[in-house]
Amino acid sequence: MEINKIMVIGAGQMGAGIAEVCATAGYEVLLCDTSEQSLQAGIARITKNLEKNVLKERITIEEKDAILARFSLETTMERAKEIDLAIEAATENMAIKQLIFKDLDALAPEHAILATNTSSLPITELAAVTKRPEQVIGMHFMNPVPVMKLVEIIRGLATKDEVYEAIETLTHALKKTPVEVNDYPGFVANRILMPMINEAIYTLYEGVASVEAIDDVMKMGMNHPMGPLTLADFIGLDTCLYIMETLYEGFGDSKYRPCPLLRKYVAAGWYGKKSGRGFYVYE
């Protein structure tokens, strides 16, 4: 299964990053978002990253221009009729993703693969709304996409071997490392990471230590590059809560119960860095 033209749905931080690495690897990329403002913000983010790479002499100005020339910006999914692969990177919400997959299934050619960048939602459930469940797969990129090497590749119940192999080949072409994962809530990365973050929030909630102390212990004691509460702020506390809810609902195990303090912060609109306040205050 040859992949030449890719549509990335969602021009936010993850979608823009995925689009950037695809275009950098030589693929033609249709970056799609319902908002023209989001598309412009996404391409501006990509351009800024590429300009940094020029300054660091990782690429030439000519290479930067060639990468940007591979982009088309789309406010509808109409041109999905032309693609070999769609990578959905929309909001982490099952209902929204299912609507996108229904539309993609109706528009994309029969041979096209439909992938999702979901960090926790079941691939099999997304595949079930299409007429091609054997061609639906998960590609969970890590944030920031241009820097992080890992991609979790998640098979749905019906995913064909040749579809997995095509996505594995693509992942190598993007200079990423693919890891095969089965379709369980949170996969591997978030099944391990999010309970750790949730426990750090419980540690704060129970008054064991301050925000800074908790982060310092994990940085200096466990050699983590950043503390779990800082990381939660960067991920987005609303996203952390959504993933914990997915784990809690998926496994029905109390060990995945979201901390009440996490719920309170999200209810207050304290989402972390993107809202200006989470466990830390940002200018």
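Residues numbered from 1 in each chain as written. Predicted model: local features only at pLDDT ≥ 70, side-chain atom pairs only at ≥ 80, totals over all residues. Heavy atoms only, no water.

### Section: the packing of aromatic side chains
Next up, step 1: Tallied over the entire structure, the rule returns four aromatic pairs.
Next up, step 2: Taking the centre distance of 5.0 Å and the plane angle of 35° together, the rings of Y265 and F279 count as tilted. Remark: F279 occurs in the segment after α11 (260–267) and Y265 occurs in helix α11; sequence separation between them is 14 residues. Judged on exposure class, the residue Y265 and its partner F279 are both buried.
Next up, step 3: One aromatic cluster is present, built from ring pairs that chain together Y265, W270 and F279.
Next up, step 4: Of note, R155 hangs over the ring of Y164, and the distance from its end group to the ring centre comes to 4.5 Å.
Next up, step 5: Positioned above the aromatic ring of W270, the side-chain terminus of R277 is 3.8 Å from the ring centre. (Phe/Tyr/Trp six-rings, centres within 6.5 Å; stacked < 30°, edge-to-face > 60°. Helix = DSSP H or I, 4+ residues; strand = E, 2+ residues; numbered from the N terminus. Buried < 20%, exposed > 50% of the residue type's maximum accessible area, 1.4 Å probe, protein only. Lys NZ or Arg CZ within 6 Å of the ring centre and 35° of its normal.)

### Brief notes about the UniProt feature "domain: 3-hydroxyacyl-CoA dehydrogenase C-terminal" (unreviewed entry) in the protein chain
Next up, step 1: Mapped onto the present numbering, the UniProt feature "domain: 3-hydroxyacyl-CoA dehydrogenase C-terminal" (unreviewed entry) falls at residues 186–282.
Next up, step 2: The span residues 186–282 carries 62% helix and 0% strand; its end-to-end C-alpha distance comes to 28 Å. (UniProt positions renumbered as here; feature names shortened; annotations may be inferred.)

### Examining the nonpolar core
Next up, step 1: By size, the foremost hydrophobic cluster in this structure holds 39 residues, and its most contacted members are I6, L85, F141, I167 and L170.
Next up, step 2: Looking at this core, the element that brings in the most residues is helix α1 (residues 13–24), giving seven residues.
Next up, step 3: If sequence neighbours within four positions are ignored, L170 has contacts with I3, I6, Y27, L85 and M139. (Core = buried A, V, L, I, M, F, W, Y, C linked by side-chain atoms within 4.5 Å. Contact = heavy atoms within 4.5 Å.)

### Some details on the packing of helix α7 (residues 189–205) against helix α8 (residues 211–222)
Angle between the axes and distance between the axes are the two parameters that describe a pair of packed helices.
Next up, step 1: One can describe the packing of α7 onto α8 by two numbers: an axis separation of 9 Å at closest approach and a directional angle of 140°. As far as their axial angle goes, α8 and α7 are oblique. With respect to the hand of their crossing, α7 and α8 are arranged in right-handed fashion. Contacts between α7 and α8 involve M196, A200, T203 and L204 on the former and, on the latter, V211, I214 and M218.
Next up, step 2: Taken together, the residues of the contact of α7 with α8 break down into six nonpolar, one polar and no charged. (Axes fitted to C-alpha atoms, helices over the stretch in contact; angles between N-to-C directions. Parallel < 35°, antiparallel > 145°, perpendicular 65-115°, else oblique. Left-handed = near helix turned anticlockwise from the far one by under 90°. Nonpolar A, V, L, I, M, F, W, Y, C, P; charged D, E, K, R; others polar.)

### What about the packing of α1 against helix α2 (residues 36–55)?
Next up, step 1: The contact between α1 and α2 brings their axes to 9 Å, and the two run at 50°. By the criterion of interaxial angle, the relationship of α1 to α2 is oblique. Crossing of α1 against α2: the hand is right-handed. Contacts between α1 and α2 involve Q13, A16, A19, E20 and T24 on the former and, on the latter, G42, R45, I46, N49, L50 and N53.

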